[in-house]
Amino acid sequence: MPGPRISMIATPIGNLRDLTMRAREALEGVDELWCEDTRHTQKLLSALGVAGKRLRRLDQHVREEELRAMLKEVSLRRQWVGVVTDAGTPGLSDPGALIGQLAEEFPEIRLEPVPGPSALSALVSIGGLPGSSFYFHGFFPREEREARDLLERLLKSGATRSLIFFESPHRIRAAIRLLGDWCGETGASPGFVFAKELTKLHEQVFRGEGAGFLKTVQDRIVDERGEWAFVIILPKVSVKNELPEAEWGTTLQCLLDAGISAGIAARILSERYPVAKNLAYKRALELQKKAENH
């Protein structure tokens, strides 16, 4: 008899034809489905012609104790359970993430990905992001102070220039208004890519730069329907805004002395101080070379 298994199944974010063959096989084969909204998942199953599945809610209100009991049941009954979110890949800004956190307590359960649609990867594919890294926060902070602090910290760090967020339809106006105010107050002129209803019939993508563009997007929002995802492409960090090496050089040296590689040390430093990662990496290599010559 096969061992207990949990499949994290990616489902369409709008276009039903994006469902993979493997995902369909999993939806048909599992003993039980854990879902964010049972009504939403039932509609998907009905559209696919999949009947007779037991659905169990796993939403943002689930407590660790409840999920731990559910995992214990999977183990004892040797079940095959599928996990789905309302749209996209489980574990990205949804309750499915808690399963991965608790899975180590149940090593007998095989936790497997069934990859497929994701608003994050969809946006990255059309975003034209600079460099090879990006920062994904999930949903844009609800509190204005938290949002401003986050933007300032990321702008100063130089760790990455591409910041990706999700936002709900009833909060997108507030998010855009805050971004516009932030641009005006800081003098920053970042680039933006806003995407509404990715993969759906009324998909819209807006690209532009600065506060003026944000006002244009704001004016084009005619209703509060459809989920949003957006990228903020920060301007390059100016060296004049960075801390002098006297304030971070000792920390860098300590990281290297601890055996941490130059690349990882530079990343850690750029996350803690307003220092561009490439500058920290260059200095780390110089310090390593100097140590080798002594």
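This is a predicted model, so every value here is computed, not measured. (Residues numbered from 1 in each chain as written. Predicted model: local features only at pLDDT ≥ 70, side-chain atom pairs only at ≥ 80, totals over all residues. Heavy atoms only, no water.)

A. Structural view of the packing of aromatic side chains. Evaluation of the coordinates by the stated rule reveals 11 aromatic pairs. Taken together, a centroid distance of 6.4 Å and an interplanar angle of 40° make the contact between F194 and F213 tilted. Of this pair, F194 sits in strand β8 (residues 191–196) while F213 sits in helix α8 (residues 210–219), placing them 19 residues apart in sequence. This pair shows no difference in class: F194 is buried, exactly as F213 is. An aromatic cluster is defined as three or more aromatic residues linked by ring pairs; in this entry it consists of F140, F165, F192, F194, F206, F213, W228 and F230. In this arrangement the basic side chain of R5 is found over the ring face of W80, its NZ or CZ atom lying 3.8 Å from the centre. (Phe/Tyr/Trp six-rings, centres within 6.5 Å; stacked < 30°, edge-to-face > 60°. Helix = DSSP H or I, 4+ residues; strand = E, 2+ residues; numbered from the N terminus. Buried < 20%, exposed > 50% of the residue type's maximum accessible area, 1.4 Å probe, protein only. Lys NZ or Arg CZ within 6 Å of the ring centre and 35° of its normal.)

B. Just the sheet that holds strand β9 (residues 204–209), in detail. Judged by pairing direction, the sheet is mixed, and its five strands sit side by side in the order β6-β7-β10-β8-β9 without closing on themselves. The sheet is open, and its two edges are formed by β6 (135–139) and β9, each paired on a single side. Taken pair by pair, the neighbouring strands of this sheet meet at an average axis angle of 15°, ignoring direction. Note: β8 against β9, six bridges, orientation antiparallel. Bridge pairing links G191 to E209 in β9. Packing of helix α5 (residues 119–127) onto the sheet brings it into contact with β6, β7 (162–167), β8, β9 and β10 (228–233), and relative to β7 it is tilted by some 135°. Across the sheet, helix α7 (residues 172–186) touches β7, β8 and β10, and the angle it forms with β8 is around 175°. (Pairing = 2+ DSSP bridges. Axes fitted to C-alpha atoms, helices over the stretch in contact; angles between N-to-C directions. Contact = heavy atoms within 4.5 Å.)

C. Examining the sheet that holds strand β1 (residues 5–9) more closely. In space, the five strands of this open sheet follow the order β3-β2-β4-β1-β5, with parallel pairing throughout. The strands lining the two open edges of the sheet, one partner per strand, are β3 (54–57) and β5 (110–114). With strand direction ignored, the average angle separating the axes of adjacent strands in the sheet is 25°. Against the sheet, helix α1 (residues 21–29) makes contact with β1, β2 (32–35), β4 (80–84) and β5, and its axis sits at roughly 135° relative to β5, the strand it touches most.

D. The arrangement of the pattern of salt bridges in detail. If you walk through the whole model with that rule in mind, you get 19 salt bridges. With a shortest N-O distance of 2.8 Å, R54 and E32 are connected by a salt bridge. Of this pair, R54 sits in strand β3 while E32 sits in strand β2; the two residues are 22 residues apart in sequence, bridging distant segments of the chain. Relative accessible area serves as the criterion here: at 1%, E32 is assigned to the buried category. Through salt bridges with shared partners, a single network forms among E32, R54, R56, E73 and R77. (Salt bridge = Lys/Arg side-chain N within 4 Å of Asp/Glu carboxyl O.)

E. Structural view of the environment of W34. When you line up the elements, W34 lands in strand β2. On the basis of relative accessibility, which here comes to 1%, the residue W34 falls in the buried class. Taking the C-alpha atoms as reference points, W34 and G82, 48 residues apart in sequence, are found 6.2 Å from one another. Setting aside its immediate chain neighbours within four residues, W34 contacts I6, R56, L58, L67, M70, L71, V74, V81, G82, V83, V84 and I99. Looking at W34, its side chain comes within polar contact range of the side chain of E32, at 2.6 Å. (Polar contact = N/O pair within 3.5 Å; in protein donor to acceptor, adjacent residues only side chain to side chain.)

F. Representation of α5. Here α5 has its buried residues at L120, A122, L123 and G127. On an axial view of α5, the arc spanned by its buried residues comes to 165°, and they lie on one face. Among the residues trailing α5, G128 stands out with phi positive, at a value near 60°. (Arc of directions from axis to C-beta.)

G. Structural context of the packing of α7 against α8. Following both chains from N to C, one finds α7 and α8 inclined at 165°, their axes separated by 9 Å at the closest point. The angle between the axes of α7 and α8 places the two elements in the roughly antiparallel class. Here α7 and α8 pass one another in a crossing that is left-handed. Across from R173, I176, R177, L179, G180 and C183 in α7, the residues of α8 making contact are A211, L214, V217 and Q218. Tallied by class, the residues present in the contact of α7 with α8 amount to six nonpolar, two polar and two charged. (Parallel < 35°, antiparallel > 145°, perpendicular 65-115°, else oblique. Left-handed = near helix turned anticlockwise from the far one by under 90°. Nonpolar A, V, L, I, M, F, W, Y, C, P; charged D, E, K, R; others polar.)

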